[in-house]
Every structure is written in C-alpha cells, then in structure tokens.
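The lines below spell out each chain.
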Amino acid sequence: MSSDRPGRFRDDPTAGLLWPALSAQDRARRYYDLYAEMLGVLSGGSGLRNLGYRAGSERFDEAQAELCRRTVASLGEGRWLDVGCGEGGAACLLAAERPEVEITGLDLHPESIEAARRRAAAAGLEARVRFERGDACRMPFSGDGLFDGLYALETACHYPDKSAFASEARRVLKPGGRFALADFVMSERGTALPQRLVIRFVHQGIGMPWMHTATEWRGLLERAGFQGVRAADITPQTSACWDLWARRHHEVREELERRYPPALVAAVRANVDALAAGADAGQLRYALITARA
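Computed from a prediction, not measured in an experiment: that's the story for all the values here.

Re the nonpolar core
Counting 53 residues, the largest nonpolar core has W80, I103, F131, Y151 and W242 as its most contacted members. Here this core takes seven residues from helix 11 (residues 262-280), the largest share from any one element. Ignoring anything within four residues of it in the chain, the contact list for F131 reads C85, G88, A91, C92, G105, I113, A116, R117 and A120.

Some words on helix 2 (residues 60-71)
Over its 12 residues, helix 2 extends 17 Å from the first C-alpha to the last, a length consistent with the 16 Å expected when each residue adds 1.5 Å. What helix 2 keeps buried is the set F60, A63, Q64, A65, E66, L67, C68 and T71.

A closer look at the sheet that holds strand 6 (residues 227-233)
If you walk across this open sheet you meet the seven strands as 3-2-1-4-5-7-6, and the pairing is mixed. Two strands bound the open sheet, and with one partner strand each, they are strand 3 (129-133) and strand 6. Sheet twist, expressed as the mean angle between neighbouring strand axes with direction ignored, is 15°. Across six bridges, the pairing between strand 1 (residues 78-83) and strand 2 (residues 101-107) is parallel. Its bridge partner lying in strand 2, D82 is registered against G105.

Comments concerning the side chain of E168
If you trace the backbone, E168 turns up in helix 5 (residues 162-172). Residue classification places E168 among the buried positions, given a relative accessible area of 13%.

So, the packing of helix 2 against helix 3 (residues 89-97)
Direction vectors running N to C along helix 2 and helix 3 enclose 70°, while the axes themselves pass 10 Å from each other. Relative to helix 3, helix 2 is oriented roughly perpendicular. Remark: the crossing between helix 2 and helix 3 carries right-handed chirality. Residues A65, C68 and R69 of helix 2 touch helix 3, and the partners they reach there are A90, L93, L94 and E97. Across the contact of helix 2 with helix 3, the residue classes tally to five nonpolar, no polar and two charged.

Digging into the pairing of strand 5 (residues 173-186)
In terms of residue burial, strand 5 counts as a mostly covered element, since 10 of its 14 residues are buried. Relative to strand 5, strand 4 (residues 147-153) runs parallel, the two being bridged by six bridges. Looking across to strand 5, one finds that Y151 is bridged to A180. In this fold, the crossover linking strand 4 to strand 5 by way of helix 5 has right-handed handedness.

Examining the packing of helix 5 against helix 7 (residues 214-223)
As a packed pair, helix 5 and helix 7 sit with axes 8 Å apart at the nearest point and diverge in direction by 45°. Of the possible angle classes, the one that applies to helix 5 and helix 7 is oblique. Like other packed secondary-structure pairs, helix 5 and helix 7 cross with a definite hand, here right-handed. Each of K162, S163, F165 and A166 in helix 5 lies in contact with helix 7, whose residues at this interface are W217, L220 and L221. Per-class residue counts for the contact of helix 5 with helix 7 are five nonpolar, one polar and one charged.

Cut-offs applied
Residues numbered from 1 in each chain as written. Predicted model: local features only at pLDDT ≥ 70, side-chain atom pairs only at ≥ 80, totals over all residues. Heavy atoms only, no water. Core = buried A, V, L, I, M, F, W, Y, C linked by side-chain atoms within 4.5 Å. Buried < 20%, exposed > 50% of the residue type's maximum accessible area, 1.4 Å probe, protein only. Helix = DSSP H or I, 4+ residues; strand = E, 2+ residues; numbered from the N terminus. Contact = heavy atoms within 4.5 Å. Expected span 1.5 Å × (residues − 1). Pairing = 2+ DSSP bridges. Axes fitted to C-alpha atoms, helices over the stretch in contact; angles between N-to-C directions. Parallel < 35°, antiparallel > 145°, perpendicular 65-115°, else oblique. Left-handed = near helix turned anticlockwise from the far one by under 90°. Nonpolar A, V, L, I, M, F, W, Y, C, P; charged D, E, K, R; others polar. Right-handed = clockwise from strand over helix to strand, strands pointing away.

Dropping the structure here:
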C-alpha cells in the first residue's frame, strides 16, 4: 500500500519513532478493540463515535447526532455509503431520519460489523441498512458508480493511504454523486518540533498515522477527479463539545472504572485532553469537506 504523507512530513524527525512495529490499520484496530465498550458507555449506547457539533444542546449524545446530520446535509437521496461505519450508530440514526435513503456501512473490523447488524435489526432497519466488512482504501465493490452519496465521519484520519481512499470514493460514486468528510485536520500553519512530537504521540496511540490539512485534502480529492471541493472550518462548533465530552466522562467515570483499570480510564481522558489542547492552541482544526464526483 502506498504512502501519501504530506511533503512537510517526509523529513520529519518524529516520523517512524513511535509504534514502529505496527501498521496504521493495526493501531486503529487495537484502539477500537480496546475502547469499543468505553466509547459505547460515553455515547450512551447510541453507537456514535464522534466529537459532536454543538448547536444549543448540552447533551453529548445529541451533539454527536447533530454532527452526523451536518455531515450528510449536502448528500441527496438514494444509496449512501458510510465509510468506517463502526457499530452502525450513524447509519441507523440517519436511515431512521431519512426514509428516502438506503445506507451501506463499510468497516474493517468484523466485531463492529456484527454489532452494526444487530443494531439495524433491533431498529427494524434491515431493509434499508446493511453492513459489509472492507478496507476504505481498497473497497470490496467490483462495480463502479454504485452510490449516490458517500460520507466518512471522523474515520479518514485513520486511513494509511488517503489518496487511495479518495480514488476509491470517486470510483464507487455515480457521476454527480456527493462526497462528505468530517474530520480532524492539521492547522495550515507550521508546527514546532516539540509540538509535533506531542501531536504524533497522541495520534499514533489512537491509530492516526499522520493527518492532512484541509488544503491537502482538497488536493487529494481534486487529483482523484472530484469537482467543486469545499472545506468548511467547523472547529468552533466541534471544539465547543470538548467540555460536553469531559462532563460525560465525569458522569460515567465510576461505571468505566468498574469495567476498566482506573489507569486506563485516566489515560483515555489524558489523550482526549491532549487533543483538546491542540485544538485550543490552533494546531488542530476540524473540517467538513464536500465535493461532487
């Protein structure tokens, strides 16, 4: 699998120093295998795994649902592909609210796919929501132009070959099909070496091999054949959710510590606090990127 690290990381002295023995996919898989139950507790069993979009609500799960809705707002009706669907929380939420769409969820982890299928069955959505195991960078669809819309919600940061993902997304979308990506991105400004070390340590620990800026994402998508690429910076609305996450973590901390070693619960909190600090310092941004196939 090829690498598409941005140019400024090619000579980065921090590259390859952390977690050298594990591939990006293995790191992401281990992260979600380890924390799937914890994430479920934090999201109240909704199956949603995102930071959220604050639009008035003081509930973390409602902010997470709002980010799902904002992400797909530019997609039309028809068949959608949810890339990196996890346990199917977003797909089931959106299918329940949008009866004019059918959604296929794609995820690399078999345990997540099984959980997603159970969620869809419990919600009575099997007729319009299905899930398949597969790699976002090598999608398991033999045909081209299969979907009217495609979204990737806070998952593309884990992909080891983002240019391959962009090409695959363009391939499986119909001409004129809509693309939407909501994710963390790096700031457009340069970052000093000590800050890069901290950022890389946090990112590697949660299976993020490297991150692009919004400008770099635009370039990848345009080279893959997308048109009308737009990147909206929604950092103010997502960063406003860090305190909702912290409040929710406090609410369920005792339950988490009954299931996990307290040191692990504290480590997860520290990891998220580090990401929040990066956002506060302007090193980390959050973008909603849309395009047309």
